[in-house]
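Read off the chains here:
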Amino acid sequence: MQKLKQIYEGKAKKLYETENADLLIQEFKDDATAFDATKRGTIMNKGVINNKLSEKIFGLLEKAGIPTHFEKRLNDREMLVKKVKIVPIEVTIRNIVAGGMAKLLGLEEGIILKEPVLEYHYKEDKLHDPLINDYHIKALGVATEKELETIAKYSFKINEILNKFFDSKSLILVDFKLEFGRYKGKVILADEVSPDTCRLWDKTTKEKLDKDRFRRDLGNVEEAYQEVLRRVLE
Ligand code: ADP
Ligand code: UDP
C-alpha cells in the first residue's frame, strides 16, 4: 500500500492518505508527551512496540466481535487502518484508582473499584480535555444517544476482554483510554491500545509498566514497554 500525503501529525502518530480513499496509514513515533504536552521526550523504539502491541490487541478485540479500524500491520512502525471521523471524546475505563481520578477525588492510588468506572473527556487540547458526561455529549450533539450506547457497550466489553488477557500475562489493567470513530455509518474502535494509553502494573510486584514511568521519571521506560510486548506476544 503506497503512502501518499501526510494529513496529520499528532503527539505520538502521523497519518497518511493511501491510494484507497477509505484507508490511512498510521505511523507510530517514538515521541512521548505528558501533562498536556508540557513534558516532552523520546522513548526509544516506542513506535515499534506500540505498533506491534496495537496489532495484537486489535486482532484480539476483532476476534471477540468488537469492530476496529485495524486492517493490517505494514512494517515496524506503520499499520493500515480504516479512515474514520473521530468522535471527539476520549473514553476512559478505570478498574483501579490512579492518575486523574486519584487527583480529582483526593484518593490513594491503588484502591480497587467496586465496579469499573467509565469517564468521558472532551477531546479538545485547548481546553485540556475536560471531563464531561453523557448529557453534555448529547446536548451538544457531539454524539447521538445511539452512538453513545454503542461506545459504552463496546468499552465495557473491551475492558472484560483486556482484563482477562492482561491477567493471563501477569499484568493488571488499571485503566485505559479509547477513541472511537464513524466509518460507513457505524461506530468502530480507532487510534491505539498500548502502554501509552493503558496503565499496566505487574501482578506480583505492582511495578508500573506503562507511560507513568515517563510521566514520573521512574526510569527504565523502554524496558517496561519491551517487557509488556514480550509478555503479550509470548
Ligand atoms: P494527538 O492528536 O492527541 O496528538 P496522536 O499523535 O496519537 O494524538 O494522533 C493520532 C490522531 O489520529 C488522533 O487525533 C486520533 O484521534 C486520530 N485517529 C486515530 N485513528 C484514526 C483513524 N482510523 N482515522 C482518522 N483519524 C484517526
Ligand atoms: N490517557 C491517554 N491519553 C490522554 C489522557 C489519558 O491515553 O490524553 C490514558 C492514561 O494513560 C491512563 C488513562 O487514560 O491509562 C487515564 O488517564 P488519567 O485520566 O488518569 O489521566 P493522566 O493521569 O494521564 O493525567
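Conventions used here
Counting restarts for each chain: residues are numbered from 1 in the order of the written sequence. Labels follow written order: the first chain is A, the first ligand is 1, and so on. This being a predicted model, a pLDDT of at least 70 is required before a residue's local features are given, and a value of 80 or more before pairs of side-chain atoms are given or counted; all residues contribute to the totals for chains, interfaces and linings. Side-chain numbers come from the whole structure's heavy atoms, not from hydrogens or water. Near residues are defined by distance, with any heavy atom within 4 Å of the molecule or strand qualifying the residue. Polar contacts here mean pairs of N or O atoms no more than 3.5 Å apart (in protein, one a potential hydrogen donor and the other a potential acceptor; neighbouring residues in sequence count only if both atoms are side-chain atoms). A run of DSSP states H or I qualifies as a helix once it reaches four residues; a run of E qualifies as a strand once it reaches two. Both are numbered from the N-terminal end. For this scheme, ten residues count as nonpolar: Ala, Val, Leu, Ile, Met, Phe, Trp, Tyr, Cys and Pro. Four count as charged, namely Asp, Glu, Lys and Arg, and the remainder, Gly too, count as polar. Strands are treated as partners if at least two bridges between them are detected by DSSP. In this analysis an axis means a line fitted to C-alpha atoms, helices contributing only their contacting stretch, and an angle means the value between N-to-C directions, from 0 to 180 degrees. The criterion used for residue contact is that any of the two residues' heavy atoms lie within 4.5 Å. The buried label goes to any residue with under 20% of its type's maximum accessible area, the exposed label to any with over 50%, and the partly exposed label to all in between, with areas taken from a 1.4 Å probe on protein chains only. Nonpolar cores were defined as sets of buried Ala, Val, Leu, Ile, Met, Phe, Trp, Tyr and Cys residues, with membership established by side-chain atoms within 4.5 Å. Computed with the Shrake-Rupley method and a 1.4 Å probe, the accessible areas treat only the protein chains shown as cover for residues. For this document, the term salt bridge refers to a Lys or Arg side-chain nitrogen within 4 Å of an Asp or Glu carboxyl oxygen.

What surrounds ligand 2 is a group of 14 residues, the closest being Arg94, Gly100, Asp175, Arg199 and Arg215. Arginine 199 is positioned such that a nitrogen or oxygen atom in its side chain is 2.6 Å from an oxygen atom of ligand 2. Every element with two or more residues in the shell around ligand 2 is listed here: strand S9 (89-96), helix H2 (99-105), strand S12 (171-183) and strand S14 (198-202). Broken down by class, the residue content of the shell around ligand 2 amounts to three nonpolar, four polar and seven charged.

What follows deals with the sheet that holds strand S6 (residues 70-73). Spatial ordering of the open sheet is given by S1-S2-S3-S7-S6, a layout of five strands whose pairing is antiparallel. Two strands close off the open sheet at either side, each with one partner strand: strand S1 (6-9) and S6. Taken over all neighbouring pairs, the strand axes of this sheet differ in orientation by 25° on average, direction set aside. Here S1 runs beside strand S2 (residues 13-17); their pairing, made up of three bridges, is antiparallel. Residue pairing in the sheet places glutamine 6 in a bridge with tyrosine 16 of S2. Most of the contacts of helix H1 (residues 46-63) go to S6, to which it runs at about 135°, and overall it touches strand S3 (23-28), S6 and strand S7 (78-82).

Okay, the environment of glutamine 2 next. Along the chain, the position of glutamine 2 falls in the segment before S1. According to the relative accessible area criterion, glutamine 2 is exposed, its value standing at 52%. When the C-alpha positions of glutamine 2 and glutamate 17 are compared, they lie 8.6 Å apart, and in sequence the two are 15 residues distant.

What follows deals with the nonpolar core. The biggest cluster of nonpolar side chains holds 51 residues, and the ones touching the most others in it are Ile89, Tyr120, Ile158, Phe166 and Phe180. Not counting residues within four places of it along the chain, the set of residues in contact with isoleucine 158 comprises Leu61, Ile66, Phe176, Leu178, Phe180 and Leu189. Counting residues in hydrophobic clusters, the runner-up holds five residues, among them Ile96, Ile172, Val174 and Trp201.

The backbone phi angle of histidine 128 is positive, close to 65°, even though this residue is not glycine. By secondary structure assignment, the location of histidine 128 is in the loop between strand S10 (112-122) and strand S11 (131-132). On the basis of relative accessible area, histidine 128 is assigned to the exposed category, the value being 52%. Backbone geometry at lysine 206 places phi at a positive 65°, although glycine is not the residue there. You can see lysine 206 is positioned in the loop between S14 and helix H5 (212-215).

All right, on to the site of ligand 1 then. Of all residues adjacent to ligand 1, which total 18 residues, the nearest are Tyr8, Lys11, Ala12, Lys13 and Glu179. Between ligand 1 and lysine 11, the relevant distance is 2.7 Å, taken from an oxygen atom to a main-chain nitrogen or oxygen of the residue. For ligand 1, a nitrogen atom lies 2.7 Å from a polar atom in the backbone of lysine 82. Protein chains shield 89% of the accessible area of ligand 1, which is 550 Å² for the free molecule. Among the elements of the structure, S2, S3 and S7 are those that each provide at least two residues to the shell around ligand 1.

This model, assessed by the stated rule, comprises 34 salt bridges. Across the salt bridge formed by aspartate 31 and lysine 29, the nearest N and O atoms sit 3.3 Å from each other. Here arginine 94 ties to aspartate 175 by a salt bridge, and the two come within 3.4 Å at their closest N and O atoms. Placement of the pair is arginine 94 in strand S9 and aspartate 175 in strand S12, with a sequence separation of 81 residues. Per residue, the accessibility class of arginine 94 equals that of aspartate 175, and both read buried. Taken together, the shared-partner salt bridges connect Arg94, Glu109, Glu119, Asp175, Arg199, Lys208, Asp212, Arg215 and Arg216 into one network.

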